[in-house]
Amino acid sequence: MTQASSDTRRALIVGAGIAGLAAASALAKAGWQPVVIERAAQRRRGGYFIAMFGCGRTAANRIGLQGIRNRVPDRAHTYLVDRAANRRPGLGFQDVPNGPWMMLRGDVERSAFDALPDQVAIRFSTTPTALTQDGEGVAVTLLNTQTGESAVERFDLVVGADGIRSTVRQLAWGPHENYLNRLGFMICAFELPESLPGLKQQEGAILSEPGRSFWVFPFADHAPTVLFSYHADDVDAERARAKQVGVAQRLRQVYGPEPLGDLMGAAIEHLENTDEFLFDSVEQVTVDHWHDGRVVLLGDAAWCPTLYSGMGATSGLAGADALGLALAKYPDDLETALSKWEETLRPAIADFQKSAYPMRELFTQTSPQEQRKQTFTIALRRFMFRFPLLMKLMMRSKSFQLRNGDLAADFA
Ligand SMILES: Cc1cc2nc3c(=O)[nH]c(=O)nc-3n(C[C@H](O)[C@H](O)[C@H](O)COP(=O)(O)OP(=O)(O)OC[C@H]3O[C@@H](n4cnc5c(N)ncnc54)[C@H](O)[C@@H]3O)c2cc1C
């Protein structure tokens, strides 16, 4: 068993996603020695569309993530389309004045990986299987899933950045069902190798029907990514059906029996030729305290706001940055550092989580009433975005400020 001494404060960071990688750099800057473990055998580089808001960009800059850039295409347009390829003006993230930057998840992961200081290595195929805290530290049993070997190591802090179904949360807080709030939707997201038929590189599309939608996100210098999002009362049964017939075939069923049309047809054909896709249910994580002694949850493990809020990656970076700064500000008082960190982030995260519900209605409508609301909201926003005064008012709103401010200003 390795003992942690007071002058080499070691932090175990569980999960090499965006939050975990960013936390490793932020903690190293704060004088900690991070050890990152990742359950997968290698990095997950691929991706889907990410909108990065100002508070995430501020955090990324401070942590030292280089190369995060806006991939919004020149003259970008998003259309509302139907299966027969009729189109009318829609609304994309690029239409929002002073809106978020558009990028791929892989852009953020790569920047966070490249920013890691030399002393931080990632131990792949490694997962925690037990955690025990005492006043002095945390003893963690680490299992190497390749070799089957287990060893106990001591750390001064454990950061659970291991995503929505976090093992750290399960070990230290309790079973997943206590913390996961199912929204009743499934998503499938992936990158395309080329533009879809009938769409130029700078053109995005939204196909919206009751209970199911399909989105195409365009980029300046990259093929588009797509998102299928649909309602499912019983997500366990839905997962089982997809496992039985394959995800591509399940999407054909869910988006049938009508002919798929050129756009969805081509996208599902691409899906059949790739293993790099995400298929999952949409669940929000709510935990009433994000730290317990020397164990802290970060990113989706602590507060997954869901993709509909568009704030998961942004808030993962902001949370990691704030954590490093709080630890640096209270170097000899871990409890105060973690309490202040949590207190500072809570209002913003609550706002991001709340936004997931109205945003879900914009993404995928389940009733004619929600469809009318989507049409009205798009028309209203397209109107508002033309008037600088209205935009100024919107930019004064609390939500806008939280998304685009500096969430760690209290510690910086
Ligand atoms: C389709 C889609 C679109 C999105 N769009 C946006 C957007 O526009 N804007 C935005 O800000 N966010 C968006 N998000 C959300 C964002 O991608 C996530 O919130 C963010 O990537 C979560 O990062 P994380 O590091 O907290 O978790 P994860 O990315 O889930 O990383 C967790 C890591 O921990 C590892 N792990 C899990 N269990 C263990 C274990 N037991 N031991 C060791 N390692 C483990 C996993 O393998 C993984 O590498 C979107 C998400 C989706 C799915």
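Residues numbered from 1 in each chain as written. Predicted model: local features only at pLDDT ≥ 70, side-chain atom pairs only at ≥ 80, totals over all residues. Heavy atoms only, no water.

Draft legend 1. Spotlight on the environment of Val235. For Val235, the position within the fold is in helix H5 (residues 235-245). In this structure Val235 comes out as buried when scored by relative accessible area, which is 4%. Considering only alpha carbons, one finds Val235 and Arg182, 53 residues apart in sequence, at a separation of 8.4 Å. (Helix = DSSP H or I, 4+ residues; strand = E, 2+ residues; numbered from the N terminus. Buried < 20%, exposed > 50% of the residue type's maximum accessible area, 1.4 Å probe, protein only.)

Draft legend 2. How the structure looks around the pattern of salt bridges. For the structure shown, the criterion picks out 27 salt bridges. For the salt bridge of Asp221 with Arg71, the shortest nitrogen-to-oxygen distance reads 3.1 Å. One end of the pair, Asp221, is in the loop between strand E14 (212-217) and strand E15 (225-231); the other, Arg71, is in the loop between helix H2 (54-63) and strand E4 (77-81), with 150 residues separating them in the sequence. Here Asp221 falls in the partly exposed class, since its relative accessible area comes to 41%. (Salt bridge = Lys/Arg side-chain N within 4 Å of Asp/Glu carboxyl O.)

Draft legend 3. Quick peek at the packing of aromatic side chains. Per the stated rule, a full pass over the model turns up 13 aromatic pairs. Geometrically, the ring pair formed by Phe185 and Tyr308 is edge-to-face, given 6.1 Å between the ring centres and 85° between the ring planes. Here Tyr308 lies in the loop between helix H8 (300-303) and helix H9 (312-329) and Phe185 lies in strand E12 (residues 180-191), a separation of 123 residues in the sequence. Each member of the pair, Phe185 together with Tyr308, is buried. Of the aromatic side chains, those joined through ring pairs into one cluster are Phe49, Phe185, Trp215, Phe217, Phe219, Tyr308 and Phe363. In this structure, Arg43 packs its charged tip against the face of Phe113, placed 3.7 Å from the ring centre. Of note, Arg346 hangs over the ring of Trp290, and the distance from its end group to the ring centre comes to 3.8 Å. (Phe/Tyr/Trp six-rings, centres within 6.5 Å; stacked < 30°, edge-to-face > 60°. Lys NZ or Arg CZ within 6 Å of the ring centre and 35° of its normal.)

Draft legend 4. Spotlight on the site of the ligand. In the vicinity of the ligand lie 31 residues, with Glu38, Ala51, Thr167, Asp300 and Ala313 positioned nearest. Within the side chain of Arg44, a nitrogen or oxygen atom sits 3.3 Å from an oxygen atom of the ligand. Contact distances for the ligand include 3.3 Å between a nitrogen atom and a backbone N or O atom of Phe49. Alone, the ligand offers 1000 Å² of accessible surface; in the complex the protein occludes 90% of this. Tallied by class, the residues present in the shell around the ligand amount to 16 nonpolar, ten polar and five charged. (Near = heavy atom within 4 Å. Polar contact = N/O pair within 3.5 Å; in protein donor to acceptor, adjacent residues only side chain to side chain. Areas by Shrake-Rupley, 256 points an atom, 1.4 Å probe, with all protein chains shown as cover. Nonpolar A, V, L, I, M, F, W, Y, C, P; charged D, E, K, R; others polar.)

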